[in-house]
Amino acid sequence: MTRTGDSIERAGAPTREVARVREAARLRGELRLPGDKSISHRALMFAALAAGESRIDGAGDGADVQTTARIVAALGATVERLGTDGRNVSYRVVSPGADGLTEPDGILDCGNSGTSLRLISGILAGLPMTTILDGDASLRRRPVARIIEPLRSMGAVLHARRNDTLPPLTVVGRTPLRAIDIATPVPSAQVKSAILLAGLRADGRTTVREAIATRDHTERMLRARGVAVERGDSADGRVAWTVQGGVAVGAVQEQVPGDVSAAAFWLVAGAIHPDAELTLHDVGVNPTRRAMIDILSSMGARIEERPHHPTADDGVGEPIADLVVRSSDLRGIDLGPADVAAAIDEIPILCLAACAADGSTTIRGAGELRHKESDRIAGIAAGLRALGARVETDGDDLRIDGRASLRGAPTDSLDDHRLAMTFAVAGLVAAGETTIARPGSAAISYPGFFDDLERVRA
Ligand code: S3P
């Protein structure tokens, strides 16, 4: 790959550069990934809620997590960066605790980060202050009614543009909030987390019910900070989470595992490339995040998992493993709405795996992908078709024919980090040269991605 311009990795801001990726003869290497984005966001936010000093090691240093660090500082916590290697950073956060946080002077800029906007709203709903949350052009297109409705029913006042559907979002908090028992309207860890965080400031027990279980980092991390989070399972697969209002969040030291959603790009690269062996160190393999590993394995991927501490999962810490992937013969697969929810951020790169598989792959009920950093159904279909794949979309469903002979061509990330990285990985196997417009978006979650791409092909 050759780079044009220095700002290819500039975080957050829309970029006009083009990345060029040529087909790789072989892929080899050992990689350490950026710290998990979901866990890094939460570690910073929970540090703001906890009185005293918190320490976060191995946090992802992508633009989204930096956004949360700035917001936490704007609310009155002292956030100190202790050092970064370009992709991971350690933080020391000293906070007066939830009751000592102060109303920010200006608008809270959430940049490209839906997680910042939605989780912080849950916190702000229970604080006696007025705040305005805004973001970039992508975030201003993403739905907020899903958090406005539950937080309103708890007694906070929220308003947003376009009849309360789109950011900017104004939150007038209230203490205490009313405890509620509510089902999430869509499977969303962001919505669930916003309600649970508001529940910490409520006058009783708040329960959130999920029809399809989503990532449980909020629940695990609150438990690790001394908050009892109860789990209830019903026979039909529904999960209910309950917190008691008024319980203090404790200050802790958090070691953030490598991001499995970043690992996904290399798992697919290794599986679809004919001469590959890649080792990924210290990857978080939380049961609610590992669906991508299991889906790819059931497609025939040769993924070896070496768990660090193979003890029973205690529902508090995060299980970690090293992963080794080797060239594989993949088969197509049929995925439904529960698979989509479980692998929500990995569907774009799974679509690339489907192009290399024997037989076709169907993905049903992927509508939530239209509400991510871009309309990912449209974006992935356009990019993979440009490379010669056969991709059909029908509403919220996708069908991808396998054994595509991919040829290098121009693609566009639409300023979406996961599309940028998917098309770059496609470039490693497509004949000739693939170009990716607006590749700088990769630094939203994976600063150093293009450096790693260079490293594994060397
Ligand atoms: C996230 C939850 C998911 C995911 C996002 C991070 C989180 O969003 O797409 O990248 O950290 O809770 P939804 O919960 O809205 O699906």
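Residues numbered from 1 in each chain as written. Predicted model: local features only at pLDDT ≥ 70, side-chain atom pairs only at ≥ 80, totals over all residues. Heavy atoms only, no water.

This part takes up the packing of helix 11 (residues 347–356) against helix 13 (residues 417–429). It is at 9 Å that the axes of helix 11 and helix 13 come closest, and there the two elements cross at 20°. The angle between helix 11 and helix 13 places the two elements in the roughly parallel class. In this structure, the crossing between helix 11 and helix 13 has a hand that is right-handed. Here helix 11 contributes Pro348, Ile349 and Leu352 to the contact with helix 13, which in turn contributes Leu419, Thr422, Val425 and Ala426. Split by residue class, the contact of helix 11 with helix 13 holds six nonpolar, one polar and no charged. (Axes fitted to C-alpha atoms, helices over the stretch in contact; angles between N-to-C directions. Helix = DSSP H or I, 4+ residues; strand = E, 2+ residues; numbered from the N terminus. Parallel < 35°, antiparallel > 145°, perpendicular 65-115°, else oblique. Left-handed = near helix turned anticlockwise from the far one by under 90°. Contact = heavy atoms within 4.5 Å. Nonpolar A, V, L, I, M, F, W, Y, C, P; charged D, E, K, R; others polar.)

Now for empty space enclosed by the protein. Here the structure, examined in full by the defined rule, presents one cavity of 30 Å³ or more. Empty space within the largest cavity amounts to approximately 40 Å³. Considering the residues around the largest cavity, the lining is formed by Met45, Ala48, Leu49, Val72, Leu75, Leu101, Ile120 and Ile123. Only helix 1 (37–49) and helix 3 (114–124) provide two or more residues apiece to the lining of the largest cavity. Across the lining of the largest cavity, the residue classes tally to eight nonpolar, no polar and no charged. (1 Å grid on protein atoms, 1.4 Å probe; cavity = no way out; pocket = protein on both sides within 12 Å on 5 of 7 lines; lining within 4 Å. Points joined across faces, edges and corners; volume = space filled by probe spheres on them.)

For the rest of this paragraph, the subject is the packing of helix 1 against helix 3. One way to put it is that helix 1 packs onto helix 3 with a least axis distance of 11 Å and a crossing angle of 30°. By the angle class used here, helix 1 and helix 3 are roughly parallel. Note on packing geometry: the crossing formed by helix 1 with helix 3 is right-handed. The segment helix 1 lies against helix 3, with Lys37, His41, Arg42, Met45 and Leu49 engaging Thr115, Ser116, Leu119, Ile120 and Ile123. The class makeup of the residues in the contact of helix 1 with helix 3 is five nonpolar, three polar and two charged.

Time to look at the pairing of strand 12 (residues 229–233). Where strand 12 and strand 13 (residues 239–244) come together, five bridges link them in antiparallel fashion. Following the sheet pairing, arginine 231 is matched in strand 13 by tryptophan 241. Here strand 12 folds back onto strand 13 in antiparallel fashion, the turn holding five residues, of which glycine 237 has a positive phi close to 90°. (Pairing = 2+ DSSP bridges.)

Attention now goes to unusual backbone geometry. Looking along the chain, the bond that leaves proline 167 and enters proline 168 is cis, with omega of 0°. Residue proline 176 follows threonine 175 across a cis peptide bond; omega there is -10°. Counting through the fold element by element, proline 176 comes out in the loop between strand 9 (166–172) and strand 10 (181–183). In this model, asparagine 163 sits at a positive phi of 60°, which is unusual for a non-glycine residue. Here asparagine 163 is to be found in helix 5 (residues 161–164).

What follows concerns the nonpolar core. Soluble globular proteins tend to pack their nonpolar side chains together in the buried interior. Residues Trp266, Leu296, Leu384 and Phe449 are the most contacted members of the largest nonpolar core, which totals 78 residues. Among the elements that make up this core, the one with the highest residue count is helix 8 (residues 260–272) (eleven residues). One finds Leu101, Leu117, Leu151 and Leu158 within the second-largest nonpolar core, a separate group that totals 64 residues. (Core = buried A, V, L, I, M, F, W, Y, C linked by side-chain atoms within 4.5 Å. Buried < 20%, exposed > 50% of the residue type's maximum accessible area, 1.4 Å probe, protein only.)

Turning to the environment of aspartate 64, a few remarks are in order. Structurally, aspartate 64 is set in helix 2 (residues 63–74). Taking the C-alpha atoms as reference points, aspartate 64 and isoleucine 444, 380 residues apart in sequence, are found 5.5 Å from one another. In this view, aspartate 64 contacts Lys37, His41, Asn112, Ser113, Ser116 and Ile444; residues no more than four positions away in its chain are not counted.

Before going further, it helps to spend a moment on the sheet that holds strand 12. Two orientations exist for strands paired in a sheet by backbone hydrogen bonds: parallel and antiparallel. Here four strands make up an open sheet; going across it, the order is 10-11-13-12 and the pairing mixed. The sheet is open, and its two borders are formed by strand 10 and strand 12, each paired with just one other strand. Each strand of the sheet is rotated relative to its neighbour by a mean of 20°, with strand direction disregarded.

Attention now goes to the domain arrangement of the protein. Accessible area lost on assembly of the parts is the figure often given for the size of an interface. Along its sequence, the protein is organised into domain 1 (2–34 + 257–457) and domain 2 (37–255). Distance between the C-alpha centres of domain 1 and domain 2: 27 Å. Between domain 1 and domain 2, the contact holds 37 residues from the first and 26 residues from the second. For the domain 1 and domain 2 pair, buried surface summed over both sides reaches about 2600 Å², with 48% attributable to carbon and sulfur atoms. The tally of links from domain 1 across to domain 2 stands at five salt bridges. At the boundary of domain 1 with domain 2, the tally comes to 18 residue pairs in polar contact (both at pLDDT 80 or more). Elements that contribute at least two residues to the side of domain 1 that touches domain 2 include exactly helix 10 (337–342), helix 13 and helix 14 (449–457). Broken down by class, the residue content of the side of domain 1 that touches domain 2 amounts to 15 nonpolar, nine polar and 13 charged. (Domains from an automatic or database assignment. Buried area = accessible area lost by both parts, 1.4 Å probe. Salt bridge = Lys/Arg side-chain N within 4 Å of Asp/Glu carboxyl O. Polar contact = N/O pair within 3.5 Å; in protein donor to acceptor, adjacent residues only side chain to side chain.)

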